[in-house]
Amino acid sequence: MSFLNSDEIEHYWFKYKSEGEPHSTSLESFCQINKLSCKEFDNWHHKKNVGYIR
């Protein structure tokens, strides 16, 4: 797993929302399949919702 920048995480978030979630794929499974860190997604999502990332 490598560290991703905000644009890369947003790309994968869109991919998860458009491809993974509609097929009932959990975020954890999606991260494992794509060799991503779920912790990075959680941190990014939290910061975005709190307003640190625009």
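Above this note sits the structure.
Summarised in this report is the structure supplied together with it. (Residues numbered from 1 in each chain as written. Predicted model: local features only at pLDDT ≥ 70, side-chain atom pairs only at ≥ 80, totals over all residues. Heavy atoms only, no water.)

**Comments concerning unusual backbone geometry**
Part 1 of the argument: In the Ramachandran plot, Ser24 falls in the positive-phi region, its phi being about 60 degrees despite a non-glycine side chain.
Part 2 of the argument: Residue Lys35 is not a glycine yet carries a positive backbone phi of 55 degrees.
Part 3 of the argument: Among the secondary structure elements, Lys35 is positioned in the loop between α2 (27–33) and α3 (38–50).
Part 4 of the argument: We classify Lys35 as exposed; its relative accessible area is 63%. (Helix = DSSP H or I, 4+ residues; strand = E, 2+ residues; numbered from the N terminus. Buried < 20%, exposed > 50% of the residue type's maximum accessible area, 1.4 Å probe, protein only.)

**Examining the packing of helix α1 (residues 6–20) against α3**
Part 1 of the argument: Two elements in contact, α1 and α3, have axes separated by 11 Å at closest approach and are oriented at 100 degrees. In this view, α1 runs roughly perpendicular relative to α3, as classed from their interaxial angle. The segment α1 lies against α3, with Ser6, Ile9, Glu10, Tyr12 and Trp13 engaging Glu40, Phe41, Trp44, His45 and Lys48.
Part 2 of the argument: In the contact of α1 with α3, the residues fall into 5 nonpolar, 2 polar and 3 charged. (Axes fitted to C-alpha atoms, helices over the stretch in contact; angles between N-to-C directions. Parallel < 35°, antiparallel > 145°, perpendicular 65-115°, else oblique. Contact = heavy atoms within 4.5 Å. Nonpolar A, V, L, I, M, F, W, Y, C, P; charged D, E, K, R; others polar.)

Purely geometric stuff here, so don't read any function into it on its own.
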